[in-house]
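Per-entry structural report
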Amino acid sequence: GMGKLVYDHSAAARLTFEEASDVTGMDLVKICFDSSEEILATTHNTQPAVLTTSIAIIRAMREKLVEVGETVRPRLFGGHSQGLFSASVAAGALSFRDGLLLMIERGRLMGEFNARRPVGMAAIVGIGADVVRDLCERATEGEHSRVDVANHNEDTQTVISGDVSALERAMDLAKTVQGKAIRLKLKVSSHTPLHNEQAQEFAAIIREVPIIDPSRPIVSNITAELLRTAAEIRHEFEEQLRSPVLWAENVRRMTREGVETLV
């Protein structure tokens, strides 16, 4: 049912889903509204589906505001992980078509890695990121059994990513220090040095895609600095698969820049 509410109430959203289905050759309406959670969680489906739903929502918002004579003038754009691609489309730096095709390639690279190696992700709640990083180091037993911090979502909510064997050890260790460990349903790993090879392949793809300066700055997942140029956005995309997402610091950066309302 992801995106169905906005689809039902907005012509702009419906056109967005139609456009995405034409570009990708996938029935995004069926995948988002009628498929099982297991099918939607397959990275090949998840990535174009999330981008499509994100852009459908922002186009619907703009459509409805025009109807009442209002416009949105964002101070900044931001996005968590894959959401940075949505942010780049919303900021005009990347076309929706190219964004969708990049999602197909990104999903392919992540899926191929997952097919060769049992990996996963988990959320660790209730303990600080520094403690979680130490647990990951203790749980890692070499390059073939490795887990790393992938996302700093809040000061006490961190996502870890890596080989299932090391991931499960880290989850067990978290429970010994009063942390809560929640295995995510995503069937991939991400934002870890395990993906150095995939990051290099994706960088070669990114270099062929047209990117222009954004209409307003985009907050970097990797550094929380403001990305103002096409070159900076391209570099961000090239490094993202193997770098942790500093989301808590992203939000703090937005507030330091004077943002009071986040949509």
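Quick note: structure is the one above.
Residues numbered from 1 in each chain as written. Predicted model: local features only at pLDDT ≥ 70, side-chain atom pairs only at ≥ 80, totals over all residues. Heavy atoms only, no water.

1. A short note on the layout of surface pockets
Looking at the largest pocket, its volume works out to about 800 Å³. What lines the largest pocket is a set of 27 residues, and nearest its centre among them are Ile 58, Leu 76, Phe 77, Gly 78 and Val 263. At the level of elements, helix H5 (43–67), helix H6 (83–90) and helix H12 (247–256) are the ones that each hand at least two residues to the lining of the largest pocket. The element best represented in the lining of the largest pocket is H5, accounting for six residues. Size it by volume and the second largest pocket reaches roughly 340 Å³. Around the second largest pocket, the lining comprises 21 residues; the ones closest to its centre are Thr 46, Ser 81, Gln 82, Arg 106 and Leu 186. Listed by contribution, the elements that provide at least two residues to the lining of the second largest pocket are H5, helix H7 (96–116) and strand E2 (147–154). Of all the elements, H5 adds the most residues to the lining of the second largest pocket, at four residues. Of the residues in the lining of the second largest pocket, the class split is eight nonpolar, eleven polar and two charged. (1 Å grid on protein atoms, 1.4 Å probe; cavity = no way out; pocket = protein on both sides within 12 Å on 5 of 7 lines; lining within 4 Å. Points joined across faces, edges and corners; volume = space filled by probe spheres on them. Helix = DSSP H or I, 4+ residues; strand = E, 2+ residues; numbered from the N terminus. Nonpolar A, V, L, I, M, F, W, Y, C, P; charged D, E, K, R; others polar.)

2. Brief notes about the nonpolar core
Judged by nonpolar contacts, the single largest core of 45 residues is most densely connected at Leu 94, Ile 211, Ile 218 and Phe 237. For this core, the secondary structure elements donating two or more residues are helix H1 (4–9), helix H2 (11–24), helix H3 (28–33), H5, H6, H7, helix H10 (196–206) and helix H11 (230–240). Tallying contributions element by element places H7 first for this core, with seven residues. Look past the residues within four positions of Phe 237 in its chain and what remains in contact with it is Leu 84, Phe 85, Ser 88, Leu 94, Phe 202, Ile 206 and Ile 211. In this structure, Ala 139, Ile 160, Ala 170 and Met 171 belong to the second largest nonpolar core, which totals 17 residues. (Core = buried A, V, L, I, M, F, W, Y, C linked by side-chain atoms within 4.5 Å. Buried < 20%, exposed > 50% of the residue type's maximum accessible area, 1.4 Å probe, protein only. Contact = heavy atoms within 4.5 Å.)

3. Notes on the pattern of salt bridges
A side chain of one charge can pair with a side chain of the opposite charge when the charged atoms of the two come close. Scanning the model with the defined rule gives 20 salt bridges in all. Two residues, Lys 185 and Glu 37, come together in a salt bridge whose shortest N-O distance is 3.0 Å. A residue pair is termed long-range when its members are at least 10 positions apart, and Lys 185 in the loop between strand E4 (180–183) and H10 and Glu 37 in helix H4 (residues 37–40) qualify at 148 residues. Accessibility assignment for this pair places Lys 185 and Glu 37 in one class, exposed. A salt bridge links Arg 252 to Glu 249, with the shortest nitrogen-to-oxygen separation between them at 3.2 Å. Taken together, the residues span about one helical turn, with Arg 252 and Glu 249 both in helix H12 at a distance of three residues. Classification of Arg 252 by relative accessible area gives partly exposed; the value is 34%. Given the relative accessible area of 25%, Glu 249 is considered partly exposed. Via salt bridges that share partners, Asp 155, Glu 249, Arg 252 and Arg 256 belong to a single interconnected network. (Salt bridge = Lys/Arg side-chain N within 4 Å of Asp/Glu carboxyl O.)

4. Structural notes on the pairing of strand E3 (residues 157–163)
Of all seven residues making up E3, six are buried, and the element is well covered by its neighbours. Bridge count between strand E1 (residues 119–125) and E3: seven bridges; the pairing is antiparallel. Residue Ala 123 lies in a different strand from E3, and its bridge partner there is Val 159. Bridge analysis of E2 against E3 gives six bridges, and the strand direction is antiparallel. Bridging across to E3, Val 149 finds its partner in Ile 160. Between E2 and E3, which pair antiparallel one after the other, the connecting turn spans two residues. (Pairing = 2+ DSSP bridges.)

5. Considerations on the packing of helix H8 (residues 129–139) against helix H9 (residues 164–176)
Following both chains from N to C, one finds H8 and H9 inclined at 130 degrees, their axes separated by 8 Å at the closest point. Overall, the two elements H8 and H9 adopt an arrangement that is oblique. Judged by the twist between their axes, the crossing of H8 over H9 is right-handed. Between H8 and H9, the contacting residues are Leu 135, Arg 138 and Ala 139 on the first element and Ala 166, Arg 169, Ala 170, Leu 173 and Ala 174 on the second. Residues that form the contact of H8 with H9 fall into these classes: six nonpolar, no polar and two charged. (Axes fitted to C-alpha atoms, helices over the stretch in contact; angles between N-to-C directions. Parallel < 35°, antiparallel > 145°, perpendicular 65-115°, else oblique. Left-handed = near helix turned anticlockwise from the far one by under 90°.)

6. A look at H6
Counted residue by residue, H6 has eight buried out of eight residues, so it is predominantly covered. Regarding H6, the residues found buried are Gly 83, Leu 84, Phe 85, Ser 86, Ala 87, Ser 88, Val 89 and Ala 90. Here the buried face of H6 lies against H5, H7, H10, strand E5 (218–219) and H11. Remark: Gly 92 follows H6 within two positions and exhibits a positive phi of approximately 80 degrees.

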